[in-house]
Amino acid sequence: MLLYIHIPFCESKCPYCAFGSLVGQKDKFKAYFKALIKDFDSFSKDLAGVKFETVFIGGGTPSVVDAALYEELFLKISPFLEKEAEITSEANPNSASFEWISKMKEFGLNRLSMGAQSFYNDKLKMLGRTHDKSAVFKAVEAAKKAGLKRISVDLIYGTALDNKERIKGEVAAIKSLNISHASAYTLTLEEGTPFQNRLELSKDDEALARLVKDELENVGLKRYEVSNFGDICRHNLGYWQGKEYLGIGAYSVGFLGGARLYAPKSLNQYLASPNSRQKEVLSSDDMVLERLFLGLRSCVGVEIKSLPNAWQEKAQTLINEKKLEQRGDKIYAKEYLLADELALYITL
Ligand SMILES: C[S@@+](CC[C@H](N)C(=O)[O-])C[C@H]1O[C@@H](n2cnc3c(N)ncnc32)[C@H](O)[C@@H]1O
Ligand code: SF4
């Protein structure tokens, strides 16, 4: 099983971001961590014999919270961890200090995912980021100095400021960091964010997306999912493989016993009742559909026999057209960027 822990706090709110996070709220950090423990406890009585193979602390920005506050939480979850569990935290360059990373590593952290977004200061400014590129270099250095071997950076591309030369520059900066992983996302103009209608800020250019892949692969970070490159994040792989996951924290989502469990999407509601969940039972059709989309977007692939007969025939057509590849009893998208289109074709 996998464990996801959501930390819904940020130093500032980026205008493109729709993740569940709030600015400020420092006076509630302690109460939030108490609630997380209550939340975990309420599940842990049903977790006899369960071991987590991965933990992912995401947000929001986990690094805005003092590392000391994580200690009790780590003590709580440690009896439930597999021996070689992968423990990742997201972090922001402004707050991922050497001290924070070192303390988190003492507690068990062995992977860091840093929100870099870009190595061009004008693009960082356009994205509303409050750090410059030097802060990213500094934070990655701090992570290395703290002894972390598995470091990833997030990049956003497909903005109005991107072009071929700049993509090469972004990847050259990633290469110079000598890290094991990168995630590269195209800018999405999310509903309900200040960027929602700012069409002029994005540049939807397939050639740039292909260049991102080619350049990252040229520096040794091989694509294993549409947006992910390098040494495989076992936690995300688990999601794409359809493994069960426990989610704790406000805004978190879990997947247990064939149902999705949604925690409150409000900090105050969560603090008042940390273990309340809205349950959505997934039908077997929903699950097959989800496995098809997630499997084709990644190196996980899809077991052809898990698909209804009509879909298997459509998949065969795509195999004949060399858009899908069959290896053993699984099918894979030859080009992850087209995965959603291929999945849609199979299901229609
Ligand atoms: C929870 S944040 C990561 C950590 C930290 N909060 C930070 O931003 O530095 C997850 C990642 O999602 C990506 N992201 C968020 N909103 C996005 C959007 N609208 N379009 C593309 N990528 C987005 C960013 O790359 C971001 O680093
Ligand atoms: S991108 Fe990261 S720092 Fe910015 S608002 Fe979203 S979660 Fe917070």
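Small disclaimer: the values here were computed from a predicted structure and weren't measured.

Chemist: So what exactly am I meant to see when it comes to the overall build of the protein here?
Modeler: Along its length, the protein carries 12 helices and 17 strands. By the compact-globule yardstick of 20 Å for 348 residues, the protein fits well, its C-alpha radius of gyration being 20 Å. For the protein, the spread of C-alpha atoms along the principal axes amounts to about 60 × 50 × 40 Å. By residue count, 52% of the 348 residues in the protein fall in the buried class. Partitioning the contacts of the protein with sequence separation of at least 6, the portion at a separation of at least 24 is 71%. When the accessible surface of the protein is split by element, carbon and sulfur atoms take 50% of a total near 16,200 Å². Side chains of the protein give 47 positive and 46 negative charges; the mean places of these two sets differ by 3 Å.

Chemist: Even after reading the chapter, I still don't get the sheet that holds strand β17 (residues 330-333), so can you show me in this structure?
Modeler: Two pairing modes exist for strands in a sheet, parallel and antiparallel, and in both the strands are linked by backbone hydrogen bonds. One open sheet accounts for 3 strands, arranged β15-β17-β16; its pairing is antiparallel. Looking along the sheet, the strands with just one partner apiece sit at the ends: β15 (302-303) and β16 (324-327). Two strands pair when backbone bridges link them, and β15 and β17 are joined in this way by 2 bridges, in the antiparallel orientation. Within the sheet, the bridge partner assigned to V302 lies in β17 and is I331. Across the sheet, helix α11 (residues 309-320) lies against β16 and β17, angled at about 100° from β16, the strand it touches most.

Chemist: Can you walk me through the site of ligand 1 in this structure?
Modeler: Of all residues adjacent to ligand 1, which total 18 residues, the nearest are Y16, Q117, R129, D154 and T188. Within the side chain of T61, one N or O atom sits 3.0 Å away from a nitrogen atom of ligand 1. Within the contact set of ligand 1, an oxygen atom lies 3.2 Å away from a side-chain nitrogen or oxygen of N92. Isolated, ligand 1 exposes 570 Å² of accessible area, and the fraction of that covered by the protein chains is 93%. Put simply, the parts of the chain that give the shell around ligand 1 at least two residues each are β5 (81-91), β6 (111-117), β7 (150-157) and β8 (181-186). Tallied by class, residues from the shell around ligand 1 come to 6 nonpolar, 8 polar and 4 charged.

Chemist: Explain the packing of aromatic side chains to me, please; I cannot follow it from the model alone.
Modeler: One pair of aromatic rings is described through two measures. These are the centre distance and the angle between the planes. Following the criterion strictly, the structure yields 15 aromatic pairs and no others. Pairing F74 with F107 gives two aromatic rings, centres 5.7 Å apart and planes at 35°, and the pair type is tilted. Of the two residues, F74 is situated in helix α2 (residues 71-77) and F107 in helix α3 (residues 98-107); the sequence distance between them amounts to 33 residues. For the residue pair F74 and F107, the accessibility class agrees, reading buried in each case. The structure contains a cluster of three or more aromatic residues connected by ring pairs, namely F9, F29, Y32, F33, Y70, W100 and Y270. The ring of Y345 carries the charged tip of K314 above its face, separated from the ring centre by 5.1 Å. Across the ring face of Y332, the terminal group of R327 is positioned such that the distance to the ring centre comes to 4.0 Å.

Chemist: Explain the domain arrangement of the protein to me, please; I cannot follow it from the model alone.
Modeler: When the parts of a complex come together, some accessible area is lost, and that lost area is often used as the size of the interface. When its domains are assigned, the protein resolves into domain 1 (2-239) and domain 2 (284-348). Computed from C-alpha atoms alone, the centre-to-centre distance between domain 1 and domain 2 is 29 Å. If you look at the interface, domain 1 gives 9 residues, while domain 2 gives 8 residues. Interface area, domain 1 with domain 2, both sides summed: about 860 Å², of which 63% is carbon and sulfur. Considering only the side of domain 1, the residues that lose the most area to domain 2 are R210, R223 and V226, jointly responsible for 48% of the buried surface there. The tally of links from domain 1 across to domain 2 stands at 3 salt bridges. Ionic pairing is found between E225 and R297, a salt bridge with its closest N-O pair at 3.9 Å. Seen at the junction of domain 1 and domain 2, the total is 4 residue pairs in polar contact (both at pLDDT 80 or more).

Chemist: Which parts of the structure should I look at to understand the environment of G328?
Modeler: By the secondary structure assignment, G328 is in the loop between β16 and β17. A residue is classified by how much of its surface remains accessible, and G328, at 66% relative accessible area, is exposed. The spacing of G328 and L155 is 173 residues in sequence and 34 Å in space, taken between C-alpha atoms.

Chemist: Honestly, the packing of helix α10 (residues 284-296) against helix α12 (residues 339-347) in this entry has me stumped. Any pointers?
Modeler: Relative placement of two packed helices is described by the angle separating their axes and the distance separating the axes. Two numbers describe how α10 lies on α12: the axes approach to 8 Å, and their chain directions differ by 150°. Comparing their axes, α12 and α10 come out roughly antiparallel. For the pair α10 and α12, the sense of crossing is right-handed. Mapping the contact onto sequence places L289, L292, F293 and L296 in α10 and A339, D340, L342, A343, L344, I346 and T347 in α12. Of the residues belonging to the contact of α10 with α12, the class tally is 9 nonpolar, 1 polar and 1 charged.

Chemist: Is there a simple way to think about the nonpolar core in this case?
Modeler: A general feature of soluble globular proteins is that nonpolar side chains tend to end up buried together. Counting residues in each nonpolar core, the largest one holds 72 residues, and the members touching the most others are I5, I7 and Y70. The biggest single contributor to this core is helix α1 (residues 29-44), with 8 residues. When near neighbours in sequence (up to four residues on either side) are disregarded, Y70 contacts I7, F33, I57, P62, V65, W100, M104 and F107. By size, the runner-up hydrophobic cluster in this structure holds 18 residues, among which are L296, W311, I319 and A343.

Parameters and conventions
- Residues numbered from 1 in each chain as written.
- Chains lettered and ligands numbered in written order.
- Predicted model: local features only at pLDDT ≥ 70, side-chain atom pairs only at ≥ 80, totals over all residues.
- Heavy atoms only, no water.
- Helix = DSSP H or I, 4+ residues; strand = E, 2+ residues; numbered from the N terminus.
- Rg over C-alpha atoms; globule rule 2.2 N^0.38 Å.
- Buried < 20%, exposed > 50% of the residue type's maximum accessible area, 1.4 Å probe, protein only.
- Contact = heavy atoms within 4.5 Å.
- Areas by Shrake-Rupley, 256 points an atom, 1.4 Å probe, with all protein chains shown as cover.
- Lys, Arg positive; Asp, Glu negative; His and termini not counted.
- Charge placed at Lys NZ, Arg CZ, Asp CG, Glu CD.
- Pairing = 2+ DSSP bridges.
- Axes fitted to C-alpha atoms, helices over the stretch in contact; angles between N-to-C directions.
- Near = heavy atom within 4 Å.
- Polar contact = N/O pair within 3.5 Å; in protein donor to acceptor, adjacent residues only side chain to side chain.
- Nonpolar A, V, L, I, M, F, W, Y, C, P; charged D, E, K, R; others polar.
- Phe/Tyr/Trp six-rings, centres within 6.5 Å; stacked < 30°, edge-to-face > 60°.
- Lys NZ or Arg CZ within 6 Å of the ring centre and 35° of its normal.
- Domains from an automatic or database assignment.
- Buried area = accessible area lost by both parts, 1.4 Å probe.
- Salt bridge = Lys/Arg side-chain N within 4 Å of Asp/Glu carboxyl O.
- Parallel < 35°, antiparallel > 145°, perpendicular 65-115°, else oblique.
- Left-handed = near helix turned anticlockwise from the far one by under 90°.
- Core = buried A, V, L, I, M, F, W, Y, C linked by side-chain atoms within 4.5 Å.

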